[in-house]
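Here's the letter readout for the chains.
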Amino acid sequence: MLVAFVLLFVTCYLFYNLFLVKSSKPKWLGEQEINTSASFSTLDMLLGRKTVVDKDHHIYNSMGTKKFCVVDESPSPIILLKDLDLIKKVFIKDFDYFTDRRDFFTVSDKKSVLNKLLGMLKGEEWKNVRQTVSPTFTTGKIRRMMVHFNGVGQQWVKMLAEKAKESPTGSAKIDVLSTVNQYTLEVIGNSVFGMRTGTIQDPNSIFAQKAGRMANMDRITDIIKLNLSPRYPQIFKITVEGDVKQNDFQQLLIEARKGELKALGSDDLDSFEKEAEIRDNNSNTKFSDKSKILTDEVIIAQGVVFFLAGFTAVSNFISFAAYSLALHQDIQDKLREEVGRVVKEDGSLDYDDLAQLTYLDMVASEVLRKFPGAARLDRVCMKDYRDPETGLFVPKNTAVVIPVHAERSPYSYLPFGQGPRNCIGKRFAIIESQAAIANLVHNFRIDPTEKTPVPLQARFIAAQTFLPMDLELMLTPLRKQT
Ligand code: HEM
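Residues numbered from 1 in each chain as written. Predicted model: local features only at pLDDT ≥ 70, side-chain atom pairs only at ≥ 80, totals over all residues. Heavy atoms only, no water.

1. Focus: the site of the ligand
Turning to step 1, where the next piece is worked out: Around the ligand lies a shell of 26 residues, among which Trp126, Arg130, Arg379, Arg421 and Cys423 are the nearest.
Turning to step 2, where the next piece is worked out: Here an oxygen atom of the ligand and a backbone polar atom of glutamine 418 are 3.2 Å apart.
Turning to step 3, where the next piece is worked out: Elements that contribute at least two residues to the shell around the ligand include exactly α5 (123-133), α13 (296-327), β5 (376-380) and α17 (426-443).
Turning to step 4, where the next piece is worked out: No other element matches the six residues that α13 contributes to the shell around the ligand. (Near = heavy atom within 4 Å. Polar contact = N/O pair within 3.5 Å; in protein donor to acceptor, adjacent residues only side chain to side chain. Helix = DSSP H or I, 4+ residues; strand = E, 2+ residues; numbered from the N terminus.)

Written out as structure tokens, the structure reads:
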């Protein structure tokens, strides 16, 4: 039975690849095509023998001086961009043609709240939700959240110092990702839902266990069921409607719905964002319209995405930073010296202190350049697009892909994407992570152990970058915790 099934699968696979794919190739797949099927078969990719990053490196190397190329990828051909000016046009100048993203997973239940994740929304619906949710992430709001980063950061450092004290060597060997998760889960519990998760004291808290399952994208459709269960009532329940003021996203989203959040002023935008401001700006949206845009299910969906991104992407970033600092002691020392100059006596750093840490900002940016969270960015073309300067033609509904990992140019830097559809949580992620890195280097020397892999082999699942499991580092306390 199994043999028959395998034979049937192989026959269908060969038939599809040899006949159907070729005969259904559109005409525009012409001289710009780079054929990758010999080196990167669908089977290789499915079995994880080759990754999307290997494939993008191969394509970039084969492109020579070409500014873009067409790649015959399943389920339909994509256009891969190399030229930085073309990338800028797609992300910013001609963004109106490229407002949507490819679906990174499909949810069979059309009514599922998962269809309302900001990253999944399309066209006008995306524009409306993005514009209404954006004031949640202004500098002022993030400054308010600094209290979580400091409070949680200090508990985290104390717990790590105690762990080191208990060890006969006086140093703590840590599993990097699960240790960093203790910090990010507590921060995200506090700042998204206004709740204490107990994860610093107990890495296997119920919250941590459930979050671990949520981070597993195979089970994404379980997320809502899991977290709306009566045993876990606080998460994703919209209850903060009264006068209670909390420093969390749930509160902010509800304020946004009521029209109480100040719209994005240009002072809150960085220079790229100013350039990329949504041209079709419907900022006249009335408060009554806002409550139609931010329905309960849209707020719940944003809670899910803020939670997932704030936990997984940020944990990976902090972990990659700790690893990089362990391997570069000179940089670690220089960073420690910088942090030592601004940190307050009680060990805390406020928003303005962090802004002074220019070397920390450089270190964090370099870590993101080397280990960006996404291996690829993409946009879907909404109407036929032509660029007369380069001859690029993108038919409607075609995906345009920008590899973030492949070496393009020393001036290309896209860890948070670009343009109106860039990462909405960028500032939050940077401040949360920088606070954690500063706390770590101020209080500990970070060293590799005999088990730390050099060089690091990041894992790629679909187009996401992850830290390898079981990555170990050693922390030696540098000061007494009070
Ligand atoms: C170091 C941490 C993070 C990294 C590296 C990261 C990276 C990214 C990237 C590359 C994109 C796609 C951008 C594009 O297509 O141009 C994205 C989108 C997004 N990110 Fe993040 N992210 C991080 C943290 C966060 C956090 C903390 C939040 C929320 C609290 C967040 C929320 C989102 C959302 C909602 C989108 C979709 C935006 C839209 O479609 O309008 N991210 N992120």
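There's more to say after this.
2. Focus: the confidence of the model for the chain
Turning to step 1, where the next piece is worked out: Overall, the prediction assigns the chain a mean pLDDT of 78, with 72% of residues at 70 or greater.
Turning to step 2, where the next piece is worked out: Below a pLDDT of 50 lies the segment residues 17-23, which in the model reaches six contacts outside its immediate sequence neighbourhood of four places, other chains included.
Turning to step 3, where the next piece is worked out: Note on residues 261-285: pLDDT under 50 across the span, and 46 contacts to partners over four residues away in sequence or across chains.
Turning to step 4, where the next piece is worked out: With a pTM of 0.83, the predicted complex shows an ipTM of 0.99. (pLDDT = per-residue confidence, 0-100. Contact = heavy atoms within 4.5 Å.)

3. With respect to the packing of aromatic side chains
Turning to step 1, where the next piece is worked out: Applying the stated criterion across every chain, the model contains seven aromatic pairs.
Turning to step 2, where the next piece is worked out: On the basis of an interplanar angle of 45° and a centroid distance of 6.4 Å, the ring pair of tyrosine 97 and phenylalanine 98 is categorised as tilted.
Turning to step 3, where the next piece is worked out: Between phenylalanine 320 and phenylalanine 371, the aromatic rings sit 4.3 Å apart at their centres with planes inclined by 0°, giving stacked as the arrangement. With phenylalanine 320 in helix α13 and phenylalanine 371 in the loop between α16 (358-370) and β5, this pair connects stretches of sequence that are 51 residues apart.
Turning to step 4, where the next piece is worked out: Phenylalanine 320 sits in the buried class, given a relative accessible area of 1%.
Turning to step 5, where the next piece is worked out: Its relative accessible area of 13% is what places phenylalanine 371 among the buried residues.
Turning to step 6, where the next piece is worked out: Chaining the aromatic ring pairs together yields one cluster made of Tyr97, Phe98 and Tyr385. (Phe/Tyr/Trp six-rings, centres within 6.5 Å; stacked < 30°, edge-to-face > 60°. Buried < 20%, exposed > 50% of the residue type's maximum accessible area, 1.4 Å probe, protein only.)

4. Examining the coordination of the iron atom of the ligand
Turning to step 1, where the next piece is worked out: Coordination of the iron atom of the ligand by the protein comes from a single atom, Cys423 (SG), at 2.3 Å.
Turning to step 2, where the next piece is worked out: Position of cysteine 423 among the secondary structure elements: in the loop between β8 (399-403) and α17. (Donors = N, O, S within 2.8 Å, 3.2 Å for Na, K, Ca; no water.)

5. Considerations on the packing of helix α6 (residues 139-166) against α17
Turning to step 1, where the next piece is worked out: At a minimum axis separation of 9 Å, α6 and α17 run at an interaxial angle of 30°. Between α6 and α17, the angle is such that the two are roughly parallel. The way α6 lies across α17 gives a crossing that is right-handed. Counted together, Thr139, Ile142, Met145, Met146, Phe149, Gly153, Gln154, Trp156, Val157 and Leu160 of α6 and Arg427, Phe428, Ile431, Glu432, Ala435, Ala436, Asn439, Leu440 and Asn443 of α17 form the full contact between these two elements.
Turning to step 2, where the next piece is worked out: Here the contact of α6 with α17 is built from residues that sort into 12 nonpolar, five polar and two charged. (Axes fitted to C-alpha atoms, helices over the stretch in contact; angles between N-to-C directions. Parallel < 35°, antiparallel > 145°, perpendicular 65-115°, else oblique. Left-handed = near helix turned anticlockwise from the far one by under 90°. Nonpolar A, V, L, I, M, F, W, Y, C, P; charged D, E, K, R; others polar.)

6. Examining unusual backbone geometry
Turning to step 1, where the next piece is worked out: Looking along the chain, the bond that leaves valine 454 and enters proline 455 is cis, with omega of -5°.
Turning to step 2, where the next piece is worked out: Tracing the backbone shows proline 455 in the loop between β9 (444-448) and β10 (459-461).
Turning to step 3, where the next piece is worked out: One non-glycine residue with positive phi stands out, namely asparagine 397, at about 75°.
Turning to step 4, where the next piece is worked out: Topologically, asparagine 397 is positioned in the loop between β7 (392-394) and β8.

7. Some details on the packing of helix α14 (residues 329-342) against α16
Turning to step 1, where the next piece is worked out: Look at α14 against α16: their axes get within 8 Å of each other, and the N-to-C directions meet at 140°. Listed contacts from α16 to Ile331, Lys334, Leu335 and Glu338 of α14 are Thr358, Tyr359, Leu360 and Val363.
Turning to step 2, where the next piece is worked out: A per-class count over the contact of α14 with α16 returns five nonpolar, one polar and two charged.

8. Here's the deal with the pairing of strand β4 (residues 172-175)
Turning to step 1, where the next piece is worked out: Here β4 shows a buried face lined by Ala172 and Ile174 and an unburied face lined by Lys173 and Asp175.
Turning to step 2, where the next piece is worked out: Strand direction decides the pairing type here: β4 and strand β12 (residues 472-477), joined by four bridges, are antiparallel. When the bridges of β12 are listed, alanine 172 appears paired with leucine 475. (Pairing = 2+ DSSP bridges.)

9. Brief notes about the pairing of β5
Turning to step 1, where the next piece is worked out: With five of five residues buried, β5 lies mostly within the body of the structure.
Turning to step 2, where the next piece is worked out: Both β5 and β8 contribute to a ladder of five bridges, which runs antiparallel. Residue pairing in the sheet places arginine 379 in a bridge with valine 400 of β8.

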